[in-house]
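# Tertiary structure, described
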Amino acid sequence: MPHASAGSRLPLSRYPSLDIASLEVAADIYSRMVAPVHLHGMPSKEPFAWRVNHLELGPVTLVANETTSSVWADCEGADDAYLVSLPLGDNAAESSVGQVVTPLVRGRSGVIVTPRQRSKVVVRSGSRTLQVSVPRQAMLDAMTTLTGREPRDIQFHTRLALDAPETASFARLLGRVVKEADLEQPGFTAPGAAERWAEALIFRLLLGQPNSRSALFAVRSQSAEPRYVRRAAAYLDAAGDRDVTMAELTQVTGVSARSLQSGFQKTHGCSPLAFARARRLERARVLFLTHDDALTVSEVAQRVGIPHLGRFSGYYRQHFGESPTATLARSDSTRVKLR
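Residues numbered from 1 in each chain as written. Predicted model: local features only at pLDDT ≥ 70, side-chain atom pairs only at ≥ 80, totals over all residues. Heavy atoms only, no water.

Two elements in contact, helix 6 (residues 246-253) and helix 7 (residues 257-268), have axes separated by 9 Å at closest approach and are oriented at 90 degrees. Considering the angle they form, helix 6 stands roughly perpendicular to helix 7. Listed contacts from helix 7 to Met-246, Leu-249, Thr-250 and Thr-253 of helix 6 are Ala-257, Leu-260 and Gln-261. (Axes fitted to C-alpha atoms, helices over the stretch in contact; angles between N-to-C directions. Helix = DSSP H or I, 4+ residues; strand = E, 2+ residues; numbered from the N terminus. Parallel < 35°, antiparallel > 145°, perpendicular 65-115°, else oblique. Contact = heavy atoms within 4.5 Å.)

Listed below in structure tokens is the structure:
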């Protein structure tokens, strides 16, 4: 993620900007722009001032904030949007969601608040943050695109660990968006490009940040799942692109092939080997949609262990309702711009 030092230009400066010196006006504007909030002043040597730049990137809104005096905010939470807050400098903020208190520390931690989730935020003098607002429906649609399944809702873990490998891809792409926004002709101004950039951001957030639907990526159901089925599923997951035989699974689990077939059919609605194939197809889709470098369908098929291109394409279309090339077409233009 990029960061800004005191006195430097606030990110997104080429886009609509506001400079507010009133707590009441700032609260009103923020409530309409991002989420309902009540602002309260705190003892400070500096008079209150709030600078904000915002960018509409398809369905996603990016807001860069700077506050010159300490305040605390009582946030009701957006009615129908997720809000990610990341620090841009050393003097940031501290967020409390329920009993969870998360300091916003540059390069280490941010927060994500789900729709209608209340939070309290202490904003220190000189604080700079970048916030990303994602409509709830856009988040659900992205999860459906990634997994082929429609979730009813998604709850994220509050703390966003910016120093964790899992979230590095999201933070890196967000940094590129911010840098791109400083260009005279950013790549996301082309027709349809902003939507693709936004979709890529949402994909990486879903894949990197633990949430209530993360299990969808594992193509498994925990409902009444026998221990031997869980053990076999874990073994298949760990095998990656290596072919696994039923003999191996019976040895690992200690049950017969017939019991394994029956257990997987009841729990997952398929055989163990079909389950393994579904896992490979899920990995392939993630590679298509989020890999930093361009990959061909053949390369991805090889990586996930289904080297026969015709079979891979057929399985993929059956599982996701579209061809591998259609998935690539949706993400290729964004990936080229990110180079």
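Moving on, we get to the sheet that holds strand 2 (residues 37-41). The strands making up a sheet associate through hydrogen bonds between their backbones, and the pairing can be parallel or antiparallel. Pairing is antiparallel across the open sheet formed by five strands, whose spatial order is 2-5-10-7-8. The open sheet is flanked by strand 2 and strand 8 (100-104), the only strands paired with a single partner. Pairs of neighbouring strands in the sheet enclose a mean axial angle of 15 degrees, with direction left out of account. Bridge analysis of strand 5 (residues 71-75) against strand 10 (residues 119-123) gives five bridges, and the strand direction is antiparallel. (Pairing = 2+ DSSP bridges.)

With that settled, the discussion passes to the pattern of salt bridges. All told, the structure shown has eight salt bridges when counted by the stated rule. Residues Asp-28 and Arg-32 are paired through a salt bridge, measuring 2.8 Å at the closest nitrogen-oxygen approach. Of this pair, Asp-28 and Arg-32 both sit in helix 1 (residues 23-33), four residues apart, which is roughly one turn of the helix. A relative accessible area of 39% places Asp-28 in the partly exposed class. Classification of Arg-32 as exposed rests on a relative accessible area of 61%. We note a salt bridge from Asp-153 to Arg-136, for which the minimum N-O separation is 3.6 Å. (Salt bridge = Lys/Arg side-chain N within 4 Å of Asp/Glu carboxyl O. Buried < 20%, exposed > 50% of the residue type's maximum accessible area, 1.4 Å probe, protein only.)

Here we take up the pairing of strand 5. Taken across its five residues, strand 5 has four buried, putting it largely inside the fold. Alignment of strand 2 against strand 5, held across five bridges, turns out to be antiparallel. Looking at the pairing, Leu-39 lines up with Ala-73 of strand 5.

Every buried residue of helix 6 is accounted for by Met-246, Leu-249 and Thr-253. Looking down the long axis of helix 6, one finds its buried residues gathered within 60 degrees of arc, a one-sided arrangement. Residues of helix 6 that are exposed and point more than 90 degrees away from the buried face comprise Ala-247 and Gln-251. Gly-254 sits one or two positions beyond helix 6 and adopts a positive phi of about 80 degrees. (Arc of directions from axis to C-beta.)

One ladder, built from five bridges, connects strand 7 (residues 93-97) with strand 8; its direction is antiparallel. Across the sheet, Ser-96 pairs through a bridge with Val-101, a residue of strand 8. Counted between consecutive antiparallel strands, the loop separating strand 7 from strand 8 contains two residues, among which Gly-98 sits at a positive phi close to 65 degrees.

The next subject is the side chain of Arg-280. Mapped onto the secondary structure, Arg-280 falls in helix 8 (residues 272-290). Look past the residues within four positions of Arg-280 in its chain and what remains in contact with it is Gly-240, Asp-241, Arg-242, Asp-243, Val-304, Gly-305 and Ile-306.

Under the 1.5 Å per step criterion, the end-to-end length of helix 2 (residues 136-147) is 17 Å for twelve residues, consistent within 8% with the ideal 16 Å. Every buried residue of helix 2 is accounted for by Ala-138, Met-139, Leu-140, Ala-142, Met-143, Thr-145, Leu-146 and Thr-147. At the C-terminal side of helix 2, Gly-148 shows a positive phi close to 80 degrees. (Expected span 1.5 Å × (residues − 1).)

Attention shifts here to the sheet that holds strand 4 (residues 60-67). Taken in spatial order, the seven strands line up as 1-3-4-11-6-9-12 in an open sheet, and their pairing is antiparallel. Bordering the open sheet on either side are strand 1 (17-20) and strand 12 (159-161), each of which pairs with just one other strand. Along the sheet, successive strands turn relative to each other by an average axial angle of 20 degrees, direction set aside. Taken together, the four bridges between strand 1 and strand 3 (residues 50-57) define a ladder with antiparallel strand orientation. Directly across from Asp-19, in strand 3, lies its bridge partner Arg-51. In the packing of helix 4 (residues 193-208) onto the sheet, contacts are made with strand 3, strand 4, strand 6 (81-87), strand 9 (109-113), strand 11 (127-135) and strand 12, and the angle to strand 3 comes to roughly 105 degrees.

Further remarks concern unusual backbone geometry. Even without being a glycine, Leu-12 presents a positive backbone phi close to 65 degrees. In this fold, Leu-12 is placed in the segment before strand 1. A residue is classified by how much of its surface remains accessible, and Leu-12, at 0% relative accessible area, is buried. In this model, Arg-116 sits at a positive phi of 65 degrees, which is unusual for a non-glycine residue. Examined against the element boundaries, Arg-116 turns out to sit in the loop between strand 9 and strand 10.

That's the geometry; what it means functionally is another story.
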